[in-house]
Amino acid sequence: MAWEVVFVKHEEGFMSGYDGTKLYYQVWKPDGESKAVVVVVHGLVEHSGRYINVVNQLIPKGYAVYALDHRGHGKSEGERAHVKSFDEFVEDLKLFVDLVKKKEKRKKLFMLGHSMGSLITLLFMAKYPEDVSGVVLSG
């Protein structure tokens with residue numbers, strides 16, 4: 001089934017990971033002010049664009065959605081689907097969350113982690129619990 005895109009504003013960009021690896025991200029925003037932000041943390045051998053179905057549910061409800069392609073995934077640099085340690089994912093995600101918080105000042109930030117992204121989200125929360133207002137995990 002093809003998903004119809006219903007968002008109003010879409011942005012793409014690159015940021016540097018904790019070690020300088022070029023990481024790709026996407027942003028979808030509703031028309032007008034968003035009420036909160038959801039950061040999508042994707043699973044193994046996935047990418048940020050795979051979550052359009054989530055975007056289509058959240059944007060009409062007034063949420064901004066940010067999604068990072070992990071190193072070695074999607075349009076990000078790095079050896080495909082390989083890291084030396086999951087800490088690499090966590091530290092990249094911390095930099096991404098800092099970028100999101102800078103762009104979305106004073107908004108509550110929620111994290112949605114799927115599959116491997118659930119593990120990354122849990123590790124992130126153990127290290128940086130003050131950065132996120134809540135999480136949703138799926139397997």
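Below is a short write-up of the structure. Each chain has its residues counted from 1, following the order in which its sequence is written. Local features in this predicted model are restricted to residues whose pLDDT is 70 or higher, and side-chain atom pairs enter the listing and the counts only when it is 80 or higher, whereas totals over whole chains, interfaces and linings include all residues. Side-chain metrics rest on all non-hydrogen atoms present in the structure, leaving aside hydrogens and water.

1. Quick notes on the overall build of the protein chain
Then comes step 1: Each helix is a run of DSSP H or I of at least 4 residues and each strand a run of E of at least 2, with the numbering of both proceeding from the N terminus. Broken down by element type, the protein chain carries 3 helices and 6 strands.
Then comes step 2: When the helices and strands of the protein chain are listed from N to C terminus, the series reads β-β-β-α-β-α-β-α-β.
Then comes step 3: Each radius of gyration reported is based on C-alpha atoms, and the globular scaling rule is 2.2 Å times the count of residues to the power 0.38. Rg of the C-alpha trace for the protein chain: 14 Å, near the compact-globule value of 14 Å for 139 residues, within the 12% margin.
Then comes step 4: In terms of overall dimensions, the protein chain has a C-alpha envelope of 40 × 35 × 30 Å along the principal axes.
Then comes step 5: When accessible area is computed with a 1.4 Å probe and restricted to protein chains, residues below 20% of their type maximum are described as buried, those above 50% as exposed, and intermediate ones as partly exposed. For the protein chain, buried positions account for 50% of its 139 residues.

2. A word on helix H3 (residues 116-127)
Then comes step 1: Compared with an ideal rise of 1.5 Å per residue, which puts 12 residues at 16 Å, H3 spans 17 Å between its outermost C-alpha atoms and is within 8% of the ideal.
Then comes step 2: Within H3 the residues assigned to the buried category are Met-116, Gly-117, Ser-118, Ile-120, Thr-121 and Phe-124.
Then comes step 3: Any two residues whose heavy atoms approach within 4.5 Å at even a single point are treated as in contact. Against strand S3 (36-41), helix H2 (86-103), strand S5 (109-114) and strand S6 (134-138) lie the buried residues of H3. One less than the number of residues in a helix, times 1.5 Å, gives the span that helix is expected to have.

3. Observations regarding unusual backbone geometry
Glycine aside, the phi torsion of most residues is negative, and most peptide linkages are trans.
Then comes step 1: The phi dihedral of Val-45 is positive, around 55°, even though this residue is not glycine.
Then comes step 2: Relative to the assigned elements, Val-45 resides in the loop between S3 and helix H1 (52-58).
Then comes step 3: Even without a glycine there, the phi angle at Ser-115 is positive, about 55°.
Then comes step 4: Under the relative-accessibility criterion, Ser-115 is labelled partly exposed at 39%.

4. So, the packing of aromatic side chains
Then comes step 1: Any two rings among Phe, Tyr and Trp, with Trp reduced to its six-membered ring, count as a pair given centres within 6.5 Å; such a pair is stacked if its planes are under 30 degrees apart, edge-to-face if over 60, and tilted if neither. Tallying each qualifying case throughout the model produces 5 aromatic pairs.
Then comes step 2: Arranged with centres 5.6 Å apart and planes meeting at 50°, the rings of Tyr-25 and Phe-96 form a pair that is tilted. Placement of the pair is Tyr-25 in strand S2 (residues 22-29) and Phe-96 in helix H2, with a sequence separation of 71 residues. In this structure, Tyr-25 and Phe-96 share a single accessibility class: buried.
Then comes step 3: Of the aromatic side chains, those joined through ring pairs into one cluster are Tyr-25, Tyr-66 and Phe-96.
Then comes step 4: By the criterion adopted, a ring carries a charge over it if an Arg CZ or a Lys NZ lies within 6 Å of its centre and within 35 degrees of its normal. Its guanidinium or amino end placed over the ring of Phe-14, Lys-22 lies 4.5 Å from that ring's centre, counting from NZ or CZ.

5. Comments concerning the pattern of salt bridges
Then comes step 1: For this analysis, a salt bridge means a side-chain nitrogen from Lys or Arg found within 4 Å of a carboxyl oxygen belonging to Asp or Glu. In total, this model carries 13 salt bridges according to the counting rule given.
Then comes step 2: In this structure, Lys-101 engages Asp-131 in a salt bridge whose closest nitrogen and oxygen atoms are separated by 3.1 Å. Pair noted here: Lys-101 is in helix H2 and Asp-131 is in the loop between H3 and S6, with a separation of 30 residues, a long-range link.
Then comes step 3: Judged by its relative accessible area of 7%, Asp-131 is buried.

6. Here's the deal with the side chain of Arg-71
Then comes step 1: Inspection of the secondary structure puts Arg-71 in the loop between strand S4 (63-68) and H2.
Then comes step 2: Accessibility expressed as a relative area gives 6% for Arg-71, which makes it buried.
Then comes step 3: Polar contact is defined as a pair of N or O atoms within 3.5 Å, subject to the rule that within protein one atom must be able to donate a hydrogen and the other to accept it, and that residues adjacent in sequence are counted only when both atoms are side-chain atoms. At 2.8 Å, the side chain of Arg-71 forms a polar contact with the side chain of Asp-19.
Then comes step 4: Once residues within four sequence positions are removed from consideration, Arg-71 is found in contact with Gly-17, Tyr-18, Asp-19, Thr-21, Leu-23, Ser-76, Glu-77, Val-83, Glu-88, Phe-89 and Asp-92.

7. Section: the environment of Gly-49
Then comes step 1: Position of Gly-49 relative to the elements: it lies in the loop between S3 and H1.
Then comes step 2: As a C-alpha pair, Gly-49 and Leu-68 span 19 residues in sequence and 9.4 Å in three-dimensional space.

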